[in-house]
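# Analysis of the macromolecular model
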Amino acid sequence: MKKRKEKIYLIRCSSNPKIGLGHFMRCLKIYNELKKKKEKAIMFIDKKLDFMNNFNFKFYEIYPRNKSFKDEKKDAEKFIALVRKKYRNYNFIIIKDDYRLKYNWEKTVKNKINSRMVTLTDFENLSHYSDTIINPKTKFYNVTRPIVKKISNKKTTYLLGPRYSMINKIVKNKRNKIFTVIINFGATKNANLINNIINEIILKCRSIKFIFVLGPYYKIDFFKKKFGKKIHRIKFVTNQYNLQKIYSNSHLFVGAAGNSVYETTAQKLPGIFFEISKNQSTSFNSLEKMGQYFLLSKINLKKEKLFKIKELINNIKDNYNVISQELKRSLIQIDDKGVSRIANFLTTKNQIKIKKEILINKKFKKSEYKIIKCKFLDINTYLEARNRKENIRQSFRNSSIDKIDHYLWWFKNDISSFKLNRGNETMLYFYHFPIKILKHFYYISGWFNSSNNSTIQDIIYGLNWQRKYINLKTKKISSWISFVKKDNILAQKYSAKLGWTKIQHKNKLYNSLKRQYKFGNTYVYTRK
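This write-up is about the structure you can find in this document.

Moving on: the pairing of strand β11 (residues 209–214). Of all 6 residues in β11, 5 are buried, a share of seventy percent or more. Sheet topology note: the strand β10 (residues 180–184)/β11 ladder contains 5 bridges and is parallel. Each bridged residue has a counterpart across the sheet, and for T180 the counterpart in β11 is K209. Where β11 lies against strand β12 (residues 234–238), 5 bridges are found, and the strand directions are parallel. Looking at β12, one finds that F212 is bridged to F236.

Glancing now at the pattern of salt bridges. All chains considered together, the criterion is met by 19 salt bridges. Here R100 ties to D98 by a salt bridge, and the two come within 2.7 Å at their closest N and O atoms. Since its relative accessible area comes to 4%, D98 is described here as buried. Of the charged contacts, one joins R329 and E326 as a salt bridge, the two residues approaching to 2.7 Å between their closest N and O atoms. On the basis of relative accessibility, which here comes to 9%, the residue E326 falls in the buried class. Shared partners join several salt bridges into a network, and the residues in it are R12, D46, D75, D98 and R100.

Attention now goes to the sheet that holds strand β5 (residues 116–120). Reading across the sheet, the 7 strands line up as β3-β2-β1-β4-β5-β7-β9 and stay open at both edges, with parallel pairing between neighbours. One side of each edge strand has no neighbouring strand; the edge strands of this open sheet are β3 (59–61) and β9 (157–160). Neighbouring strand axes in the sheet, compared pairwise and without regard to direction, differ in orientation by 20° on average. Across 4 bridges, the pairing between strand β1 (residues 6–13) and strand β2 (residues 41–45) is parallel. Across the sheet, I11 pairs through a bridge with M43, a residue of β2. The strands touched by helix α1 (residues 22–36) within the sheet are β1, β2, β4 (90–97) and β5, with β2 carrying the most contacts at an inclination of about 165°. Packed onto the sheet, helix α2 (residues 72–86) meets β1, β2, β3 and β4 and runs at close to 150° relative to β1.

Turning to the packing of α1 against helix α11 (residues 338–347), a few remarks are in order. Running from N to C, α1 and α11 point in directions that differ by 60°, and their axes come no closer than 9 Å. By the angle class used here, α1 and α11 are oblique. The crossing of α1 and α11 is right-handed. On α11, the residues touching K29, I30, E33 and L34 of α1 are V339, S340, I342, A343 and T347. Looking at the contact of α1 with α11 residue by residue, the classes come out as 5 nonpolar, 2 polar and 2 charged.

This next bit is on a positive patch on the surface. Judged by side-chain charge, R65, K67, K70, K73, K74 and K78 come together as a positively charged surface patch. By the secondary structure assignment, K73 is in helix α2. You can call K73 exposed: its relative accessible area is 61%.

The subject of this paragraph is the environment of Q244. Structurally, Q244 can be placed in helix α6 (residues 244–249). Spatially, the C-alpha atom of Q244 lies 45 Å from that of E390, the residues being 146 residues apart in sequence. Excluding residues within four positions of it along the chain, Q244 makes contact with N168, K169, V171, E263 and Q267.

Before going further, it helps to examine the packing of aromatic side chains. Applying the stated criterion to the full structure yields 44 aromatic pairs. Between F179 and Y320 the ring centres are 5.5 Å apart and the planes differ by 90°, which places this aromatic pair in the edge-to-face class. Taken together, the residues span a long stretch of sequence, with F179 in the loop between β9 and β10 and Y320 in helix α10 (residues 320–328) at a distance of 141 residues. Across the pair, exposure class does not vary: F179 and Y320 are buried alike. Both rings, one in Y293 and one in F376, keep their centres 4.9 Å apart while their planes meet at 55°; by these two values the pair is tilted.

A few words now on the side chain of R388. Turning to its location among the elements, R388 is positioned in the loop between α12 (379–386) and α13 (389–393). In this structure R388 comes out as buried when scored by relative accessible area, which is 18%. A polar contact of 2.7 Å, which involves the side chain of R388, links it to the side chain of E390. Within the structure, the side chain of R388 is placed 2.6 Å from the side chain of N452, a separation counted as a polar contact.

How each quantity is defined
- Residues numbered from 1 in each chain as written.
- Predicted model: local features only at pLDDT ≥ 70, side-chain atom pairs only at ≥ 80, totals over all residues.
- Heavy atoms only, no water.
- Buried < 20%, exposed > 50% of the residue type's maximum accessible area, 1.4 Å probe, protein only.
- Helix = DSSP H or I, 4+ residues; strand = E, 2+ residues; numbered from the N terminus.
- Pairing = 2+ DSSP bridges.
- Salt bridge = Lys/Arg side-chain N within 4 Å of Asp/Glu carboxyl O.
- Axes fitted to C-alpha atoms, helices over the stretch in contact; angles between N-to-C directions.
- Contact = heavy atoms within 4.5 Å.
- Parallel < 35°, antiparallel > 145°, perpendicular 65-115°, else oblique.
- Left-handed = near helix turned anticlockwise from the far one by under 90°.
- Nonpolar A, V, L, I, M, F, W, Y, C, P; charged D, E, K, R; others polar.
- Patch = residues over 30% accessible without salt bridge, like charges linked within 9 Å, V, L, I, M, F, W, Y side chains within 5 Å.
- Areas by Shrake-Rupley, 256 points an atom, 1.4 Å probe, with all protein chains shown as cover.
- Lys, Arg positive; Asp, Glu negative; His and termini not counted.
- Charge placed at Lys NZ, Arg CZ, Asp CG, Glu CD.
- Phe/Tyr/Trp six-rings, centres within 6.5 Å; stacked < 30°, edge-to-face > 60°.
- Polar contact = N/O pair within 3.5 Å; in protein donor to acceptor, adjacent residues only side chain to side chain.

Written as structure tokens, this is what we have:
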């Protein structure tokens, strides 16, 4: 009887100051989970780096001494040669987490050593030659369809969404008495960014405690020497690869939108996330399902913009109860079973059935109108609607609004905003706010649509509701004021039907408003 081949897991990943620790750390978690199951596994890395001495794992170096990566073709050749030299008569399962190694690497390795290929990735719409693709991005929640550009195997299995996020064990939360912010931009080396954050944010927020996580490629002595006695206000954390305990003691996370998104969400820790690299690209819709609402591009980390981040941190501190509650009520709950699910899938002979999760959304029984006062959870959808092209054309600004500016405005404005839902879709937003001109109080009102399906009937319904809902006499308001651009013929037509009166250019109210708001090419309407 022919002897059955033993199974072995070969894990290919890398780490360096440019790409950080993410790929190595999640592969290490899978390696350790496989070891718990008494499976044979080994990691193949470019070369052993100093920080790796903190971990106990078996490995081989692809590029020892002064050798380095050239291209995926040569890497595949070196990997295959090393595997053939060290191992014979095995059933190989290759686990790859390295963006340098793409379709051609997968095809060459899989065919040459007759292996099962598993790819860990954060990207979509790429070509793969894999049997299994694992992507924990939240945008793929409840998705089991192919997310690739080209795939060689129609039977490829997809493990998608945060159900497969690879985080450490969740720790019971015990927040510090002092409002605590943990800053973590991963292990990629950027000393200028750290210097700027310390100068422009940390040293100017005296009532907040800061914890700064430094990757293994930084030397803390450099910062101690640079900032001297000022450094005592900051707690630096180095050589710490499980941050769940620190997250459990903190109130706010500020950092890269990598695996920290899942780690912080699991700990119910609100965050300000920055898309530092392409693989961290996500959408606010994805984050909102997890209860996270602040997502910014890396351009906001420029030195001259950091004062806005400081202001946002203070705004979150002042509104912390509202913001933290959204995490508890989120549609997607993150657990710490992702690594275990992946290992179970990889080690099960008869592949386990992929669980399809369902988001439970409230649905209207009828296609009816519903007016809802805007709350914190509308912060991003409000901006998305405001930045629609047709709304920008009718705005005084004539340009889109930056996210950070919108976030800051949201916490400080005195505008009353509402949304009009028809069925389960938001058709438009409308608002009003008070001003005092010529010793009288007025309400300035406005609206903008949020759907391609919105109609003139929706607009009229919303504005009529606003007129009936707000009693000007009890509020001691003289009248409503609305601005309409001269090229907006539609708005001019329905304004007349709704009882609005255009005021003349010679009117004192018109001139006072023009001095204050500096508008041009615009009509001003009033309504009692």
